[in-house]
Amino acid sequence: MKTPRELKVKPIKNGTVIDHITANKALHVLKILHLPSQESAVTIAMNVKSSQMGAKDIVKIEGRELESGEVDKIALIAPHATINIIRDYDIVTKGKVNLLDETSDIIRCANPNCITNTEEPVESRFYVTSQEPVIVRCYYCERVMDQKEIEVQFGSF
Ligand SMILES: Nc1ncnc2c1ncn2[C@@H]1O[C@H](COP(=O)(O)OP(=O)(O)OP(=O)(O)O)[C@@H](O)[C@H]1O
Ligand SMILES: [Mg+2]
Ligand SMILES: [Zn+2]
(Lines give C-alpha, C1' and ligand atoms only; values in the text may rest on other atoms or scores of the structure.)
(Ligands and ions follow the chains in the order given, each with its own letter.)
Protein backbone atom coordinates (compact mmCIF):
# COMPACT_ATOMS: atom_id res chain seq x y z
CA MET A 1 0.00 0.00 0.00
CA LYS A 2 1.24 3.49 -0.84
CA THR A 3 1.97 5.82 2.04
CA PRO A 4 2.69 9.56 1.94
CA ARG A 5 6.23 8.79 3.08
CA GLU A 6 6.99 6.61 0.08
CA LEU A 7 5.45 9.11 -2.28
CA LYS A 8 7.41 12.09 -1.04
CA VAL A 9 10.62 11.02 -2.78
CA LYS A 10 10.57 8.95 -5.94
CA PRO A 11 13.65 6.70 -6.07
CA ILE A 12 15.84 6.71 -9.15
CA LYS A 13 18.18 3.87 -10.11
CA ASN A 14 21.04 5.87 -11.60
CA GLY A 15 21.58 9.58 -11.83
CA THR A 16 21.85 12.73 -9.74
CA VAL A 17 19.79 14.20 -6.94
CA ILE A 18 20.29 17.91 -6.32
CA ASP A 19 19.02 18.46 -2.82
CA HIS A 20 18.76 21.50 -0.51
CA ILE A 21 17.97 23.88 -3.34
CA THR A 22 16.70 27.23 -2.05
CA ALA A 23 12.89 27.03 -2.06
CA ASN A 24 11.29 27.90 -5.40
CA LYS A 25 14.59 27.99 -7.30
CA ALA A 26 14.37 24.55 -8.93
CA LEU A 27 13.39 25.99 -12.31
CA HIS A 28 16.38 28.33 -12.25
CA VAL A 29 18.57 25.32 -11.50
CA LEU A 30 17.16 23.50 -14.52
CA LYS A 31 17.86 26.53 -16.68
CA ILE A 32 21.50 26.63 -15.51
CA LEU A 33 21.87 22.92 -16.33
CA HIS A 34 20.18 23.27 -19.75
CA LEU A 35 17.48 20.86 -18.67
CA PRO A 36 15.12 19.29 -19.49
CA SER A 37 16.82 17.53 -22.39
CA GLN A 38 15.94 14.51 -24.50
CA GLU A 39 18.24 12.12 -22.64
CA SER A 40 17.11 12.31 -19.04
CA ALA A 41 13.92 12.13 -17.06
CA VAL A 42 13.74 14.96 -14.54
CA THR A 43 11.64 15.01 -11.38
CA ILE A 44 11.16 18.25 -9.48
CA ALA A 45 9.90 18.79 -5.95
CA MET A 46 9.27 22.37 -4.93
CA ASN A 47 8.61 23.92 -1.57
CA VAL A 48 8.89 20.67 0.39
CA LYS A 49 9.53 20.72 4.12
CA SER A 50 13.13 20.55 5.29
CA SER A 51 14.33 20.36 8.87
CA GLN A 52 17.50 22.25 7.94
CA MET A 53 16.05 24.88 5.63
CA GLY A 54 12.36 25.17 6.47
CA ALA A 55 11.44 24.69 2.82
CA LYS A 56 13.53 23.51 -0.11
CA ASP A 57 13.42 22.26 -3.69
CA ILE A 58 14.82 18.98 -5.00
CA VAL A 59 15.72 18.05 -8.59
CA LYS A 60 16.29 14.44 -9.65
CA ILE A 61 17.90 13.64 -12.95
CA GLU A 62 17.79 10.07 -14.18
CA GLY A 63 20.61 8.62 -16.20
CA ARG A 64 23.02 11.53 -15.84
CA GLU A 65 25.82 11.95 -13.31
CA LEU A 66 26.56 15.62 -12.82
CA GLU A 67 29.92 16.41 -11.29
CA SER A 68 30.30 19.05 -8.64
CA GLY A 69 32.39 21.31 -10.89
CA GLU A 70 29.81 21.05 -13.62
CA VAL A 71 27.07 22.38 -11.37
CA ASP A 72 28.97 25.03 -9.39
CA LYS A 73 27.05 27.81 -11.16
CA ILE A 74 24.01 26.65 -9.21
CA ALA A 75 25.63 28.27 -6.16
CA LEU A 76 24.71 31.68 -7.61
CA ILE A 77 21.05 30.96 -6.94
CA ALA A 78 21.10 28.05 -4.45
CA PRO A 79 24.26 28.25 -2.32
CA HIS A 80 23.32 25.28 -0.10
CA ALA A 81 22.56 22.80 -2.85
CA THR A 82 24.02 19.32 -2.43
CA ILE A 83 24.84 16.93 -5.25
CA ASN A 84 24.12 13.25 -4.65
CA ILE A 85 25.26 10.76 -7.29
CA ILE A 86 23.04 7.67 -7.34
CA ARG A 87 24.10 4.25 -8.63
CA ASP A 88 21.85 1.25 -8.31
CA TYR A 89 19.60 3.22 -5.90
CA ASP A 90 22.47 4.04 -3.52
CA ILE A 91 24.22 7.36 -2.98
CA VAL A 92 27.83 6.86 -4.05
CA THR A 93 29.01 10.49 -3.85
CA LYS A 94 27.77 13.50 -1.92
CA GLY A 95 29.09 16.92 -2.85
CA LYS A 96 28.36 20.60 -2.43
CA VAL A 97 28.20 23.38 -4.96
CA ASN A 98 31.01 25.90 -4.67
CA LEU A 99 30.80 29.43 -5.90
CA LEU A 100 34.10 30.28 -7.59
CA ASP A 101 35.78 33.70 -7.42
CA GLU A 102 34.74 34.36 -10.99
CA THR A 103 31.70 33.35 -12.94
CA SER A 104 30.81 33.82 -16.58
CA ASP A 105 28.05 33.27 -19.06
CA ILE A 106 25.20 32.37 -16.75
CA ILE A 107 23.78 35.85 -16.02
CA ARG A 108 23.78 39.13 -17.91
CA CYS A 109 25.11 42.41 -16.55
CA ALA A 110 22.33 44.69 -15.29
CA ASN A 111 23.95 47.74 -16.89
CA PRO A 112 22.30 48.16 -20.31
CA ASN A 113 25.34 50.11 -21.56
CA CYS A 114 27.81 47.38 -20.55
CA ILE A 115 29.91 46.05 -23.43
CA THR A 116 28.47 42.59 -22.76
CA ASN A 117 25.03 43.97 -23.62
CA THR A 118 26.00 46.20 -26.53
CA GLU A 119 28.83 44.40 -28.32
CA GLU A 120 27.54 40.91 -28.77
CA PRO A 121 28.88 38.35 -28.65
CA VAL A 122 30.91 39.43 -25.62
CA GLU A 123 30.30 36.88 -22.90
CA SER A 124 29.38 38.27 -19.48
CA ARG A 125 31.99 37.87 -16.77
CA PHE A 126 31.84 38.69 -13.04
CA TYR A 127 33.96 38.68 -9.95
CA VAL A 128 32.19 37.12 -6.98
CA THR A 129 32.85 39.61 -4.18
CA SER A 130 30.62 37.99 -1.55
CA GLN A 131 29.39 34.44 -1.17
CA GLU A 132 26.42 34.92 1.13
CA PRO A 133 24.53 36.91 0.27
CA VAL A 134 25.92 36.57 -3.22
CA ILE A 135 27.31 39.80 -4.65
CA VAL A 136 29.04 39.99 -8.02
CA ARG A 137 30.88 42.77 -9.85
CA CYS A 138 31.02 43.00 -13.62
CA TYR A 139 34.52 42.39 -14.97
CA TYR A 140 33.96 45.00 -17.70
CA CYS A 141 31.88 47.87 -16.29
CA GLU A 142 32.26 47.22 -12.54
CA ARG A 143 28.49 47.25 -12.02
CA VAL A 144 27.78 45.59 -8.68
CA MET A 145 24.81 43.21 -8.54
CA ASP A 146 23.27 41.93 -5.33
CA GLN A 147 21.29 38.72 -4.85
CA LYS A 148 18.02 40.38 -5.85
CA GLU A 149 19.43 41.72 -9.11
CA ILE A 150 21.06 38.39 -9.87
CA GLU A 151 17.70 36.68 -9.45
CA VAL A 152 16.09 39.18 -11.80
CA GLN A 153 18.67 38.18 -14.43
CA PHE A 154 17.49 34.59 -14.25
CA GLY A 155 14.07 35.78 -15.31
CA SER A 156 10.76 34.86 -13.79
CA PHE A 157 8.99 31.65 -14.58
N1 LIG B 1 17.78 6.19 -5.06
C2 LIG B 1 17.38 7.45 -4.86
N3 LIG B 1 16.52 8.00 -5.73
C4 LIG B 1 16.10 9.25 -5.57
N5 LIG B 1 16.46 10.05 -4.57
C6 LIG B 1 17.30 9.56 -3.65
C7 LIG B 1 17.81 8.23 -3.74
N8 LIG B 1 18.63 8.04 -2.68
C9 LIG B 1 18.62 9.20 -1.98
N10 LIG B 1 17.84 10.12 -2.55
C11 LIG B 1 17.60 11.49 -2.12
O12 LIG B 1 18.86 12.15 -2.04
C13 LIG B 1 18.86 13.09 -0.98
C14 LIG B 1 19.97 12.78 -0.02
O15 LIG B 1 19.69 11.53 0.56
P16 LIG B 1 20.24 11.13 1.98
O17 LIG B 1 19.69 9.79 2.34
O18 LIG B 1 21.70 11.31 2.03
O19 LIG B 1 19.49 12.20 2.84
P20 LIG B 1 19.99 12.83 4.15
O21 LIG B 1 20.43 11.77 5.09
O22 LIG B 1 18.90 13.72 4.55
O23 LIG B 1 21.30 13.59 3.68
P24 LIG B 1 21.62 15.11 3.79
O25 LIG B 1 22.47 15.25 4.97
O26 LIG B 1 22.38 15.38 2.50
O27 LIG B 1 20.32 15.84 3.87
C28 LIG B 1 17.48 13.01 -0.34
O29 LIG B 1 16.68 14.03 -0.91
C30 LIG B 1 16.99 11.65 -0.74
O31 LIG B 1 15.60 11.62 -0.81
MG1 LIG C 1 18.29 15.54 4.40
ZN1 LIG D 1 28.83 45.12 -17.03
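Residues numbered from 1 in each chain as written. Chains lettered and ligands numbered in written order. Predicted model: local features only at pLDDT ≥ 70, side-chain atom pairs only at ≥ 80, totals over all residues. Heavy atoms only, no water.

S.K.: Let's hear about the site of ligand 1: which residues, and what values?
M.R.: Taken together, the neighbourhood of ligand 1 is formed by 14 residues, with I12, H20, K60, Y89 and K94 sitting nearest. Taking D19, its side chain carries an N or O atom lying 3.1 Å from an oxygen atom of ligand 1. Here a nitrogen atom of ligand 1 sits 2.8 Å away from a polar atom, N or O, in the side chain of K60. Burial of ligand 1 by the protein chains amounts to 65% of its free accessible area of 620 Å². Going through the elements one at a time, β1 (15-22), β4 (82-87) and β5 (90-96) are the ones with two or more residues in the shell around ligand 1. Looking at which element gives the most residues to the shell around ligand 1, the answer is β1, with three residues. For the shell around ligand 1, the residue count by class is seven nonpolar, three polar and four charged. (Near = heavy atom within 4 Å. Polar contact = N/O pair within 3.5 Å; in protein donor to acceptor, adjacent residues only side chain to side chain. Areas by Shrake-Rupley, 256 points an atom, 1.4 Å probe, with all protein chains shown as cover. Helix = DSSP H or I, 4+ residues; strand = E, 2+ residues; numbered from the N terminus. Nonpolar A, V, L, I, M, F, W, Y, C, P; charged D, E, K, R; others polar.)

S.K.: Any chance you could break down the coordination of the zinc ion (ligand 3) for me, citing the residues and the numbers?
M.R.: Around the zinc ion (ligand 3), the donor atoms from the protein are C109 (SG), C114 (SG), C138 (SG) and C141 (SG), and they sit 2.3 to 2.4 Å away. Viewed at the metal, the four donor atoms of the zinc ion (ligand 3) are separated by angles of 99 to 114°, and the geometry they form is tetrahedral. Mapped onto the sequence, the residues coordinating the zinc ion (ligand 3) show the spacing C-x4-C-x23-C-x2-C. Pair noted here: C114 is in the loop between β6 (102-104) and α3 (115-118) and C141 is in the loop between β8 (135-138) and β9 (144-145), with a separation of 27 residues, a long-range link. By relative accessible area, C141 is classed as partly exposed at 27%. (Donors = N, O, S within 2.8 Å, 3.2 Å for Na, K, Ca; no water. Tetrahedral: all angles 85-135°; square planar, octahedral: opposite > 155°, others 65-115°. Buried < 20%, exposed > 50% of the residue type's maximum accessible area, 1.4 Å probe, protein only.)

S.K.: Can you break down the sheet that holds β1 residue by residue, with the values?
M.R.: One open sheet accounts for five strands, arranged β2-β3-β1-β4-β5; its pairing is antiparallel. At either margin of the open sheet sits one strand with a lone partner, and together these are β2 (42-50) and β5. For this sheet, the mean inter-axis angle between neighbouring strands, taken without regard to orientation, is 20°. (Pairing = 2+ DSSP bridges. Axes fitted to C-alpha atoms, helices over the stretch in contact; angles between N-to-C directions.)

S.K.: Can you break down the packing of aromatic side chains residue by residue, with the values?
M.R.: A full pass over the atoms with the stated rule returns two aromatic pairs. With 5.7 Å between their ring centres and 50° between their planes, Y127 and Y139 make a pair best called tilted. Here Y127 is found in strand β7 (residues 125-130), whereas its partner Y139 is found in the loop between β8 and β9, with twelve residues between them in sequence. Y127 sits in the partly exposed class, given a relative accessible area of 28%. Where Y139 meets Y140, the ring centres are 5.0 Å apart and the plane angle is 85°; that geometry is what we call edge-to-face. The class of Y139 is partly exposed, set by a relative accessible area of 34%. Chaining the aromatic ring pairs together yields one cluster made of Y127, Y139 and Y140. The lysine or arginine in question, R125, covers the ring of Y139, its NZ or CZ lying 3.7 Å from the ring centre. (Phe/Tyr/Trp six-rings, centres within 6.5 Å; stacked < 30°, edge-to-face > 60°. Lys NZ or Arg CZ within 6 Å of the ring centre and 35° of its normal.)

None of the figures reported here should be taken as evidence of function without further support.
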